[in-house]
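So the chains spell out like this:
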Amino acid sequence: MRYPVGRKRALLALAVALLVGASSLFMSSARTQPPTRAAVVAARVESHYRAAKRITARFEQTTVFAAQAETKVRTGRLALTRAGNLSFRYDGSADRVVFNGKLLRTYVAADELLYERSLRGNEKTALTRWFAADALSERFSLRTIETHDQPGTVLVAEPKRADPTLAQLVLHVADDGSVSRLLVVDAQGNTNRFVFSDVRIDPDVPASEFRFRAPNGTTVVKP
């Protein structure tokens, strides 16, 4: 399947937002007096993942491209680390998204294209600031939505300052603080909705998982 040019650009933008969203499992929040409901829920997430250094999980990803009004559903497995490394592998496809802390690689196998983008300065900060003690409450306005169809609370996080890669994060938080579902909305209105399963904390993950070498004949695209 070949992607239209506009959708390729959306894929690249979504890959950046995806990094921000998936890593929200490591987010923490500052304590306030008295704490708001949103701060309490964010603190619950922090407590659940505080000691985690690595996380792997199965996922179902539903991507909606706003400009094309098209939906794509995929499944696979992800791995991420507190240091900021991330890897996405998709079922039935050689497509990959890999971030090693400096370089973001998005490989579209059907088109034999590898998008490479160095993340520095503000972009790199956007990918790492949730590891600071007050990153979530400092960078995002928080509110909660109670769910009625299943247990848990929906935590909505919106950047306090304009962010070119992210407009909103919506986390479904269980009573124990674990995140079972995540919605990432980028600044162009594209969305990535994830449903997580088989979540494992601190499994063995080789360093090679966060390295990627494209097949011979691949065209490398750099901004």
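Participant: Whenever I open this one, the overall build of the protein chain confuses me. Can you help?
Facilitator: Within the protein chain, the regular secondary structure consists of four helices and 12 strands. Evaluated residue by residue, the protein chain yields a buried proportion of 50% over its 223 residues. Summarising the internal contacts of the protein chain: among those between residues at least 6 apart in sequence, 52% fall at separations of at least 24. Total accessible area on the protein chain stands at roughly 10,900 Å², and carbon and sulfur atoms take up 50% of it.

Participant: What's the story with the sheet that holds strand β12 (residues 219–221) in this structure? I'm lost.
Facilitator: Sheet strands associate in pairs through backbone hydrogen bonding, adopting either a parallel or an antiparallel arrangement. Pairing is mixed in the open sheet, where 12 strands are placed in the order β7-β8-β9-β10-β11-β1-β2-β3-β4-β5-β6-β12. Whereas interior strands pair on both sides, the edge strands pair on one side only; in this sheet they are β7 (140–146) and β12. Across this sheet, the average inter-strand angle for adjacent strands is 20°, counted without regard to direction. Judged from the 12 bridges that link them, strand β1 (residues 54–65) and strand β2 (residues 70–81) form a sheet pairing that is antiparallel. By the bridge assignment, Thr-56 is partnered in β2 with Ala-79. Its contacts with the sheet place helix α2 (residues 37–49) against β1, β7, β8 (153–159), β9 (168–173), β10 (179–185) and β11 (191–201), and it is angled at close to 95° to β7.

Participant: When you look at the packing of aromatic side chains in this model, what are you seeing that I'm missing?
Facilitator: For any pair of aromatic rings, the description consists of the separation of the ring centres together with the inter-plane angle of the planes. Within the structure shown, the criterion is met by seven aromatic pairs. Measuring from ring centre to ring centre gives 6.0 Å for Phe-59 and Phe-194, while their planes differ by 75°; the resulting arrangement is edge-to-face. Taken as a pair, Phe-59 in strand β1 and Phe-194 in strand β11 lie far apart in primary sequence, 135 residues in all. You'll find Phe-59 and Phe-194 in the same group, each marked buried. A ring pair is formed by Tyr-107 and Phe-212, whose centres lie 5.3 Å apart and whose planes are at 45°; its orientation type is tilted. Separated by 105 residues along the polypeptide, Tyr-107 in strand β5 (residues 103–108) and Phe-212 in the loop between β11 and β12 bring together distant segments of the chain. Residue classification places Tyr-107 among the buried residues on the basis of a relative accessible area of 7%. Put simply, the rings of Phe-59, Phe-88, Tyr-90, Phe-194 and Phe-196 pair up and form one aromatic cluster.

Participant: Can you help me understand the environment of Thr-218 in this one?
Facilitator: Summarising the element assignment, Thr-218 is placed in the loop between β11 and β12. Judged by its relative accessible area of 17%, Thr-218 falls in the buried class. Along the backbone, Thr-218 and Leu-113 are 105 residues apart, and their C-alpha atoms lie at a distance of 5.5 Å. Residues contacting Thr-218, with those up to four places away along its chain left out, are Tyr-107, Glu-112, Leu-113 and Leu-114. Within polar-contact distance, the side chain of Thr-218 engages the backbone oxygen of Pro-215 at 2.7 Å.

Participant: In this structure, what is going on with the nonpolar core? I would like to understand it.
Facilitator: General note: in soluble globular proteins, nonpolar side chains tend to be found buried as a group. In this structure, Phe-88, Leu-169 and Phe-196 are the most contacted members of the largest nonpolar core, which totals 30 residues. Element by element, the count of residues in this core is highest for α2, at five residues. Each residue touching Phe-196, except ones within four places of it in the same chain, is listed here: Ala-57, Arg-58, Phe-59, Leu-78, Val-179, Ser-180, Arg-181 and Leu-182.

Rules used in this analysis
Residues numbered from 1 in each chain as written. Predicted model: local features only at pLDDT ≥ 70, side-chain atom pairs only at ≥ 80, totals over all residues. Heavy atoms only, no water. Helix = DSSP H or I, 4+ residues; strand = E, 2+ residues; numbered from the N terminus. Buried < 20%, exposed > 50% of the residue type's maximum accessible area, 1.4 Å probe, protein only. Contact = heavy atoms within 4.5 Å. Areas by Shrake-Rupley, 256 points an atom, 1.4 Å probe, with all protein chains shown as cover. Pairing = 2+ DSSP bridges. Axes fitted to C-alpha atoms, helices over the stretch in contact; angles between N-to-C directions. Phe/Tyr/Trp six-rings, centres within 6.5 Å; stacked < 30°, edge-to-face > 60°. Polar contact = N/O pair within 3.5 Å; in protein donor to acceptor, adjacent residues only side chain to side chain. Core = buried A, V, L, I, M, F, W, Y, C linked by side-chain atoms within 4.5 Å.

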